[in-house]
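# Overview (structure and organization)
Next come the chains, spelled out residue by residue.
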Amino acid sequence: MMALIRDEQIGSYIDRLGQRVPAPGGGAASGLNVAQAAALLGMVARYTSGAKFADHQETVERLVEECGRLAESALRAAEDDEAAFAAVGAVYRLPNVTADERRERSLRLADAVRAAAKPPADVVDIAERLVAVAEELLPIGNKSVISDVGAASESLRAGAATARINLEVNLPGVQDEQEKSALRKQVGRVDGILSRSQRIGDQVREVIRG
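Computed from a predicted model, the values in this text were never measured in an experiment.

Rules behind the numbers
- Residues numbered from 1 in each chain as written.
- Predicted model: local features only at pLDDT ≥ 70, side-chain atom pairs only at ≥ 80, totals over all residues.
- Heavy atoms only, no water.
- Helix = DSSP H or I, 4+ residues; strand = E, 2+ residues; numbered from the N terminus.
- Buried < 20%, exposed > 50% of the residue type's maximum accessible area, 1.4 Å probe, protein only.
- Salt bridge = Lys/Arg side-chain N within 4 Å of Asp/Glu carboxyl O.
- Core = buried A, V, L, I, M, F, W, Y, C linked by side-chain atoms within 4.5 Å.
- Contact = heavy atoms within 4.5 Å.
- Lys, Arg positive; Asp, Glu negative; His and termini not counted.
- Polar contact = N/O pair within 3.5 Å; in protein donor to acceptor, adjacent residues only side chain to side chain.
- Axes fitted to C-alpha atoms, helices over the stretch in contact; angles between N-to-C directions.
- Parallel < 35°, antiparallel > 145°, perpendicular 65-115°, else oblique.
- Left-handed = near helix turned anticlockwise from the far one by under 90°.
- Nonpolar A, V, L, I, M, F, W, Y, C, P; charged D, E, K, R; others polar.

What follows is about the overall build of the protein. A count of helical and extended segments in the protein gives six helices and zero strands. When the helices and strands of the protein are read in sequence order from the N terminus, they spell out α-α-α-α-α-α. Along the first, second and third principal axes, the C-alpha atoms of the protein reach 70 × 35 × 30 Å. Within the span of the protein, comprising 210 residues, buried residues form 44% of the whole.

Structure below.
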């Protein structure tokens, strides 16, 4: 049974990421980027506490909870991506000589590619929700850690852009036109995530510059 990324030491994960194996790869990395963004935003929200921020307590508590859920979802997407691409790699190793073998391999490959497209699509959803969290947290967050909202925005940009690449590389292998259309819509949403994240980062730098 494949070990979960969450249970792995960082050095071990980085070592595996650099090996000549199909997974973990860019999809897992995109999920982890977004998970880190969620954790950073959760940290900023937790620092936004005490009498000074009493007027925002309910909002902050809600954002803390949401960041925790989204961090877990992004981490799970990273792990799902690793498992999905390991499955794709296994299909490519199937016999491919006889007509029956080629037919079976083709059918199984279509299923594996369809499954591999789901984790990056999930990452796009999670990143979009986290951008909204960052936009809500930025004006009320503790200014002493506001740079971490900017760091989160950059992690979101990296995660969403990488998820888009992984969606695009899988699109040609998706046979169902309805599924392919849904994935194209996910790809199209990434530009908005990137521009909103960039705007958050720019606003954070303005705060830092005073």
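Continuing now.
Scanning all chains against the criterion turns up 18 salt bridges. A salt bridge links Arg103 to Asp100; the nearest nitrogen and oxygen atoms lie 2.7 Å apart. With Arg103 and Asp100 both in helix H4 (residues 99-137) and three residues apart, this pair spans about one turn of that helix. On the basis of relative accessible area, Asp100 is assigned to the exposed category, the value being 53%. Linking Arg164 and Asp191 is a salt bridge whose minimum nitrogen-to-oxygen distance equals 2.8 Å. Taken as a pair, Arg164 in helix H5 (residues 147-170) and Asp191 in helix H6 (residues 177-209) lie far apart in primary sequence, 27 residues in all. Here the salt bridges do not stand alone but share partners, grouping Arg6, Glu72, Arg76 and Glu79 into one network.

The nonpolar side chains of soluble globular proteins are, as a tendency, buried together. Counting 54 residues, the largest nonpolar core has Val34, Leu41, Leu130, Leu137 and Val149 as the members making the most contacts within it. Among the elements of the structure, helix H2 (26-47), helix H3 (57-92), H4, H5 and H6 are those that each provide at least two residues to this core. Of all the elements, H4 adds the most residues to this core, at 15 residues. Beyond its immediate chain neighbours, meaning those up to four positions away, Leu130 contacts Val34, Ala38, Leu41, Leu70 and Leu156. Counting residues in hydrophobic clusters, the runner-up holds six residues, among them Ile5, Tyr13, Ala28 and Ala78.

Put simply, Ala23 and Pro24 share a cis peptide bond, and its omega is 5°. Looking at the element boundaries, Pro24 is found in the loop between helix H1 (10-17) and H2.

Our focus in this paragraph is the side chain of Asp81. Along the chain, the position of Asp81 falls in helix H3. Arg16 provides the closest opposite charge to the buried, salt-bridge-free Asp81, at an N-O distance of 11 Å. Among the polar contacts listed, one links the side chain of Asp81 to the backbone nitrogen of Ala28, at a separation of 3.2 Å. Not counting chain neighbours up to four residues away, the residues in contact with Asp81 comprise Gly27, Ala28, Ala116, Pro119 and Pro120.

Tracing the chain through its elements places Ser155 in helix H5. With a relative accessible area of 14%, Ser155 lands in the buried category. Among all residues touching Ser155, those that are not within four sequence positions of it are Asn33, Val34 and Ala37.

Here the focus is the packing of H2 against H3. H3 packs onto H2 with a crossing angle of 165° between their chain directions and a minimal axis gap of 8 Å. One finds that H2 runs roughly antiparallel with respect to H3. Classified by chirality, the crossing of H3 by H2 is left-handed. Residues Gly27, Ala28, Gly31, Leu32, Val34, Ala35, Ala38, Leu41, Gly42, Ala45 and Arg46 of H2 lie in contact with H3, whose contacting residues are Val60, Val64, Cys67, Leu70, Ala71, Ala74, Leu75, Ala78 and Asp81. Its residues assigned to classes, the contact of H2 with H3 comprises 15 nonpolar, three polar and two charged.

A separate point is the environment of Gln203. With respect to the helices, strands and loops of the structure, Gln203 is situated in helix H6. We classify Gln203 as partly exposed; its relative accessible area is 35%. Separated by 54 residues in the primary sequence, Gln203 and Val149 have C-alpha atoms spaced 9.8 Å apart.

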